[in-house]
Amino acid sequence: MAALPEERFPSRGGRTGHAYLHDRAFLDRPLTMRGVTEADLPELVRVDREAFPEEPYPYFVLRQLYDVHGDRLLVLDDGEQLHGYVLFPTTSDGYECWIMSLGVTRDQRGRGLGRRLMLEVLRRLRTEGVREVRLTVEPTNAAAIMLYRSIGFSSEEGARRDYFGPGEDRLVMTLSL
Ligand SMILES: CC(C)(COP(=O)(O)OP(=O)(O)OC[C@H]1O[C@@H](n2cnc3c(N)ncnc32)[C@H](O)[C@@H]1OP(=O)(O)O)[C@@H](O)C(=O)NCCC(=O)NCCS
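All of these numbers come straight from a predicted model, not from anything done at the bench.

K.L.:
How would you explain the site of the ligand if you had to name every residue and give the values?
P.N.:
In the vicinity of the ligand, 20 residues are found, and the nearest of them are Leu102, Gly112, Gly114, Arg115 and Asn141. One of the backbone nitrogen or oxygen atoms of Leu102 is found 2.8 Å away from a nitrogen atom of the ligand. Contacts to the ligand include Arg111, whose backbone N or O atom sits 3.1 Å from an oxygen atom. Expressed as a share of its isolated accessible area of 910 Å², the protein-covered part of the ligand is 69%. Contributions of two or more residues to the shell around the ligand are made by strand S6 (101–104), helix H4 (113–128), strand S7 (132–137) and helix H5 (142–150). Per element, the largest residue contribution to the shell around the ligand is five residues, and it comes from H5. Of the residues assigned to the shell around the ligand, the class counts are 11 nonpolar, six polar and three charged.

Spelled out as structure tokens, the structure:
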């Protein structure tokens, strides 16, 4: 697998809450955005369960997504733990990318990390000549929809009823690159 360049930036500087007040090491630890490795799998599973508590990927699915699309997975790492990830496989003709998953741990939300992951994905896709990015999102997931809209995604296709099975409607969002 090709090595992915890393990006470093400060982690959350002001996590509030009594339990964390003395955790200076945590507060000061910078986050790195980097490609995933096999050793990350347990952490990746943990982050995914935290981001999607109702419908996490089973371990074996994430394992195989890593096996097939490991070069399309970016993680946020503070040196000890992961705090987010994005999975962005591309169709075999190279035309279209699907953002299959984007998640940031609760303690790190609202700090621009989801946006950074997405912007880095879009930067890489433009370099590769990918023409279109697609994703699905729960119609009630306001935070994610706001994020995607703010970086240019539109939802002209609207909500697809039962997209992920009975009762699992999804909004399809697209972005032309
Ligand atoms: C969606 C998610 C990835 C956003 O990550 P994040 O790091 O918290 O987002 P950012 O701090 O980068 O925010 C980017 C934009 O998202 C929107 N946003 C983020 N949190 C929001 C909230 N609580 N309410 C409304 N809009 C919100 C805003 O437009 C924000 O831009 P702004 O800061 O300029 O206002 C994160 O909330 C998450 O992991 N949620 C659970 C998993 C999930 O739903 N993933 C998406 C599945 S499609």
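Once you've had a look at it, read on.
K.L.:
Which residues make up the packing of aromatic side chains, and what values go with them?
P.N.:
For the structure shown, the criterion picks out two aromatic pairs. Ring geometry for Tyr163 and Phe164: centres 5.0 Å apart, planes at 75°, overall edge-to-face. Overall, Tyr163 belongs to the partly exposed group, its relative accessible area being 29%.

K.L.:
Describe the nonpolar core, and please don't skip the residues or the numbers.
P.N.:
Across soluble globular proteins, nonpolar side chains have a tendency to be buried as a group. Of all hydrophobic cores here, the largest spans 29 residues; its most connected members are Ile99, Tyr148 and Phe153. At the level of elements, strand S2 (31–35), strand S3 (73–77), strand S5 (96–99), S6, H4, S7, H5 and strand S9 (170–176) are the ones that each hand at least two residues to this core. Here this core gets six residues from one element, more than from any other, and that element is H4. One finds Val36, Val45, Leu62 and Tyr85 within the second-largest nonpolar core, a separate group that totals 14 residues.

K.L.:
Please provide a residue-by-residue account of the pairing of S9, values included.
P.N.:
Counting buried positions along S9 gives six out of seven residues, so the element sits mostly inside the fold. Two elements, S7 and S9, share six bridges in a ladder whose sense is antiparallel. When the sheet's bridge partners are listed, Val137 is paired in S9 with Leu171. The sheet contact formed by strand S8 (residues 159–160) and S9 spans two bridges and is antiparallel. Bridged to Ala159 within S9 is Leu171.

K.L.:
Before we move on, can you summarise the pairing of S6 with the specific residues and values?
P.N.:
Of the two faces of S6, the one holding Ser101 and Gly103 and the one holding Leu102 and Val104 are both buried throughout. Taken together, the four bridges between strand S4 (residues 82–87) and S6 define a ladder with antiparallel strand orientation. Its bridge partner lying in S6, Gly84 is registered against Val104.

K.L.:
Provide a residue-level description of the confidence of the model for the chain, including the pertinent values.
P.N.:
When pLDDT is low, close inspection of the predicted coordinates is not appropriate. Averaged over every residue, the pLDDT of the chain is 88; the share at 70 or more is 84%. Considering only residues more than four positions removed or in separate chains, one finds that residues 11–25, a stretch of pLDDT under 50, has 20 contacts.

Criteria and cut-off values
Residues numbered from 1 in each chain as written. Predicted model: local features only at pLDDT ≥ 70, side-chain atom pairs only at ≥ 80, totals over all residues. Heavy atoms only, no water. Near = heavy atom within 4 Å. Polar contact = N/O pair within 3.5 Å; in protein donor to acceptor, adjacent residues only side chain to side chain. Areas by Shrake-Rupley, 256 points an atom, 1.4 Å probe, with all protein chains shown as cover. Helix = DSSP H or I, 4+ residues; strand = E, 2+ residues; numbered from the N terminus. Nonpolar A, V, L, I, M, F, W, Y, C, P; charged D, E, K, R; others polar. Phe/Tyr/Trp six-rings, centres within 6.5 Å; stacked < 30°, edge-to-face > 60°. Buried < 20%, exposed > 50% of the residue type's maximum accessible area, 1.4 Å probe, protein only. Core = buried A, V, L, I, M, F, W, Y, C linked by side-chain atoms within 4.5 Å. Pairing = 2+ DSSP bridges. pLDDT = per-residue confidence, 0-100. Contact = heavy atoms within 4.5 Å.

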